[in-house]
Amino acid sequence: MEEPQRRIRAAHSESTITVYQAYSPEIGLPAVRDGRFPGAWKRDRMTWIKPSFLWMMYRCGWGTKAGQETVLAVEITRDGFDWALRHACLSSYAPGVHPDRATWQRQVKRAPTRVQWDPERDLRLQPLPYRSLQLGLSGEAARRYADEWTVTIRDMTPLAHEIHALVSSGDLDSAARLLPQESSYPLGDAGLAHLRG
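The shown structure was predicted, so the numbers you read here are calculated from the model rather than taken from an experiment. (Residues numbered from 1 in each chain as written. Predicted model: local features only at pLDDT ≥ 70, side-chain atom pairs only at ≥ 80, totals over all residues. Heavy atoms only, no water.)

Caption draft 1: Main features of the overall build of the protein. The helix and strand tally for the protein stands at 7 helices and 10 strands. Compactness check: the protein gives a C-alpha radius of gyration of 17 Å against a globular reference of 16 Å for 197 residues, within 12% of the reference. Reported as C-alpha extents along the three principal axes, the dimensions of the protein are approximately 50 × 45 × 35 Å. The 197 residues of the protein split such that 50% are buried. Pairs at least 24 residues apart make up 76% of the contacts formed inside the protein by residues separated by at least 6 positions. When the accessible surface of the protein is summed, it comes to about 9700 Å², and 49% of that surface belongs to carbon and sulfur atoms. For the protein, the distance from the average site of its 26 positive side-chain charges to the average site of its 23 negative ones is 8 Å. (Helix = DSSP H or I, 4+ residues; strand = E, 2+ residues; numbered from the N terminus. Rg over C-alpha atoms; globule rule 2.2 N^0.38 Å. Buried < 20%, exposed > 50% of the residue type's maximum accessible area, 1.4 Å probe, protein only. Contact = heavy atoms within 4.5 Å. Areas by Shrake-Rupley, 256 points an atom, 1.4 Å probe, with all protein chains shown as cover. Lys, Arg positive; Asp, Glu negative; His and termini not counted. Charge placed at Lys NZ, Arg CZ, Asp CG, Glu CD.)

As structure tokens, this is what we get:
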């Protein structure tokens, strides 16, 4: 089956969706221990969540980049994720979606969430010809994410290192078997017509 140009690929259940982030151990380890983000986590800054595991691996270099050594799987409510999508604006101006650049600028200033479509990645972290979602949360959305939507936080760092080692040794089949099982996220009432870009 041919991949759509834009799709939310994610591990999800009937009530939750898993997104990924990477932090320094000072943030990541207390988050895993307590199941919630610590006080040092800045609720007033924009934070980007990625439903695609491999896109997160590209971003954090398999958990080797400075300040991104702890890879987190954050399971959040689908109600929260859908709220974020409904209140989102594209992170860049798209003719045909926005009537003009000024309208987009007003929307992006007001929106608590931003959608960005980035090339999905393969196991070698090379870009694929289709895109996956990255979702920026700020203000009310960031606070809700940290304090209301989060169900569990798991440390994915050992898995990231194991998959990376298999990829490095050329054993792509074994690496692929260890990947989180992601499928197309059913949008339901959330809709994405205003976020196609």
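After presenting the structure, the write-up continues.
Caption draft 2: Main features of the pattern of salt bridges. This model, assessed by the stated rule, comprises 4 salt bridges. A salt bridge links aspartate 34 to arginine 33; the nearest nitrogen and oxygen atoms lie 3.0 Å apart. Residue aspartate 34 is classed as partly exposed on the basis of its relative accessible area of 43%. The residue glutamate 140 makes a salt bridge to arginine 144 at a minimum N-O spacing of 2.9 Å. Placement of both glutamate 140 and arginine 144 in helix 5 (residues 140-149) is noted, with a separation of 4 residues, approximately one turn of the helix. Looking at glutamate 140, the relative accessible area reads 36%, which means it is partly exposed. Residue classification places arginine 144 among the partly exposed positions, given a relative accessible area of 24%. (Salt bridge = Lys/Arg side-chain N within 4 Å of Asp/Glu carboxyl O.)

Caption draft 3: Representation of the sheet that holds strand 3 (residues 16-23). Strand order in the open sheet formed by 3 strands is 3-5-9, and the pairing between neighbours is antiparallel. In this open sheet, the two edge strands, each paired with only one partner strand, are strand 3 and strand 9 (150-155). Across the sheet, the axes of successive neighbouring strands diverge by a mean angle of 25 degrees, strand direction being ignored. Summarising the sheet, strand 3 and strand 5 (residues 70-77) pair through 8 bridges and their orientation is antiparallel. (Pairing = 2+ DSSP bridges. Axes fitted to C-alpha atoms, helices over the stretch in contact; angles between N-to-C directions.)

Caption draft 4: Geometry of the side chain of glutamine 68. Among the structural elements, glutamine 68 can be located in the loop between helix 2 (53-60) and strand 5. Among the residues examined, glutamine 68 registers a relative accessible area of 13% and is labelled buried. Non-local contacts of glutamine 68, meaning those with residues more than four positions away in its chain, are made with Ala22, Tyr23, Ser24, Met56, Arg59, Cys60 and Gly63.

Caption draft 5: Structural view of helix 3 (residues 78-86). Of all 9 residues in helix 3, 7 are buried, a share of seventy percent or more. Buried residues of helix 3: Arg78, Gly80, Phe81, Asp82, Trp83, Ala84 and Leu85, and no others. Here the buried face of helix 3 lies against strand 3, strand 5, strand 6 (88-90), strand 7 (113-121), strand 8 (127-137) and helix 5.

Caption draft 6: Geometry of the pairing of strand 8. Pairing analysis gives 2 bridges linking strand 1 (residues 6-7) to strand 8, with the strands arranged parallel. Among the inter-strand pairings, arginine 7 is bridged to a residue of strand 8, identified as serine 132. Where strand 4 (residues 47-49) meets strand 8, 3 bridges bridge the pair, whose relative direction is antiparallel. Paired with tryptophan 48 across the strands is glycine 136, a residue of strand 8. Sheet analysis places strand 7 next to strand 8, joined by 8 bridges and oriented antiparallel. By the bridge assignment for strand 8, proline 119 is matched with arginine 131.

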